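If you want the building blocks of each chain, they are given just below.
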Amino acid sequence: MDIEIQFVNMDTSESFDTYARKKLNKLNNKYESIIRAQVYIKKENDPKGLGHICDIELSLSGPRIFASSNEKNYELALKNTIGDLEDQLEKRKGKIKPYL
């Protein structure tokens, strides 16, 4: 799986980059049909104290899958986004029928 991480409106973070790649590789081990992951980490001003946004788009055979989270820190946003993607992948896995 090819992983591309972009930091928008903030400085890049090697530690978060490593953390995100580790989490995405775990997802790839569970669902081997993932071809590419595009991750966008954004910082926005939010009066509610949130504003740490993680957008992930997965490319697989068929339509792409997208999820986004807006949380109080980046780790929580990444965790929630990957959880949403897992739900979508599980739903898609149930629809795909293997042809033997």
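Description of the structure in this document. (Residues numbered from 1 in each chain as written. Predicted model: local features only at pLDDT ≥ 70, side-chain atom pairs only at ≥ 80, totals over all residues. Heavy atoms only, no water.)

Details of the environment of T12
One can find T12 in the loop between β1 (2-8) and α1 (14-30). When the C-alpha positions of T12 and E44 are compared, they lie 15 Å apart, and in sequence the two are 32 residues distant. (Helix = DSSP H or I, 4+ residues; strand = E, 2+ residues; numbered from the N terminus.)

Side note on α1
Compared with an ideal rise of 1.5 Å per residue, which puts 17 residues at 24 Å, α1 spans 25 Å between its outermost C-alpha atoms and is within 8% of the ideal. Among the residues making up α1, those that are buried are F16, D17, A20, L24, L27 and N28. Along the long axis of α1, the arc covered by the buried residues comes to 110°, so they all point the same way. Residues of α1 that are exposed and angled more than 90 degrees away from the buried face: E14, S15, T18, K22, N29 and K30. (Expected span 1.5 Å × (residues − 1). Buried < 20%, exposed > 50% of the residue type's maximum accessible area, 1.4 Å probe, protein only. Arc of directions from axis to C-beta.)

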